Amino acid sequence: ALEAARESIVLMKNENLLPLSATSKVLLAGPNANLKRVLAGGWSLRWIPAEEEIFPKDMHTVYTAMQKEFSNVTLASTTAEVKAKAAKADAIVLAIGEMPYSEGFGSIQDINLPDDQIELIQAAQATGKPVVLVMISGRPRVITKVYPGCKAVLFAGLPGFEGAQAIVEILSGKVNPSAKLSFNFPYSVNRL
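Anyway, here's the lowdown on the structure attached to this text. Please read all numbers here as calculations on a predicted model, not as lab measurements.

## Quick word on the packing of aromatic side chains
Move 1: Scanning the entire structure with this criterion turns up 4 aromatic pairs.
Move 2: Their ring planes at 65° and their centres at 5.7 Å tell us that F55 and F161 sit as a pair that is edge-to-face. Here F161 lies in the loop between β8 (152–157) and α6 (163–172) and F55 lies in the loop between β4 (46–47) and α3 (62–69), a separation of 106 residues in the sequence.
Move 3: Residue classification places F55 among the buried residues on the basis of a relative accessible area of 3%.
Move 4: Ring-pair connections join several aromatic residues into one group, and the members of that group are F155, F183 and F185.

Printed below as a string of structure tokens:
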């Protein structure tokens with residue numbers, strides 16, 4: 001599972017930011033930063049799992065995996081916290097995307113990333129700190145507004161139970177990502 005996750009994550013952009021050093025002061029935020037269920041998707045252990053407790057105790061979230069890899073990781077839960085804590089960070093990692101879904105419950109009318117996540121990304125970019133965007137999602141979402149302001153972008157898809165570890169190994173440079181996108185990433189909603 002770990003090897004499959006390592007080989008599935010796509011490095012979409014890196015402007016001389018990655019890898020982050022083990023001593024980097026990293027600020028981590030985003031709705032997918034400290035959840036297990038987002039890594040596995042809507043058919044993991046049960047249909048559209050909502051309870052974190054059903055996942056293995058030794059399964060990492062992006063946050064817990066980062067704590068093992070980096071000596072100084074701070075978790076921010078809100079946009080206001082990102083603004084307040086950014087001054088002490090060397091880089092900001094944003095774990096964004098979607099909650100688990102399946103069948104009609106996953107149907108959406110708009111493939112834009114939700115406004116609250118766009119606002120979080122823009123707030124992080126406004127701090128002047130380099131931003132790494134990690135998309136954890138079963139499908140691409142439009143990120144055109146915020147993509148240029150990110151120094152690095154990973155598309156993790158649904159990397160599974162070992163996905164957090166694989167994401168962090170790519171952020172730290174232990175793994176050189178080799179995956180390619182199997183679809184065109186949308187620039188705008190248009191007729192999609």
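On we go from here.
## Side note on the side chain of E169
Move 1: Take E169: it is sitting in helix α6.
Move 2: Since its relative accessible area comes to 7%, E169 is described here as buried.
Move 3: In this structure, E169 is in contact with L2, R6, K174 and V175, ignoring residues within four places of it in sequence.

## Quick look at the nonpolar core
Move 1: Grouped together as the largest cluster of nonpolar side chains are 36 residues, with contacts concentrated most on M66, V93, I136, I167 and L171.
Move 2: Within the residue set of this core, elements represented by two or more residues are β2 (25–29), α2 (37–40), α3, β6 (91–97), β7 (131–136), β8 and α6.
Move 3: Here this core takes 6 residues from α6, the largest share from any one element.
Move 4: Sequence-distant contacts of L171, that is, excluding residues within four places in its chain, are made with L18, P19, L20, M66, F70, V93, V132 and L154.
Move 5: If you look at the next biggest cluster of nonpolar residues, it comprises 24 residues, including L27, I92, L120 and V146.

Cut-offs used in this document
- Residues numbered from 1 in each chain as written.
- Predicted model: local features only at pLDDT ≥ 70, side-chain atom pairs only at ≥ 80, totals over all residues.
- Heavy atoms only, no water.
- Phe/Tyr/Trp six-rings, centres within 6.5 Å; stacked < 30°, edge-to-face > 60°.
- Helix = DSSP H or I, 4+ residues; strand = E, 2+ residues; numbered from the N terminus.
- Buried < 20%, exposed > 50% of the residue type's maximum accessible area, 1.4 Å probe, protein only.
- Contact = heavy atoms within 4.5 Å.
- Core = buried A, V, L, I, M, F, W, Y, C linked by side-chain atoms within 4.5 Å.

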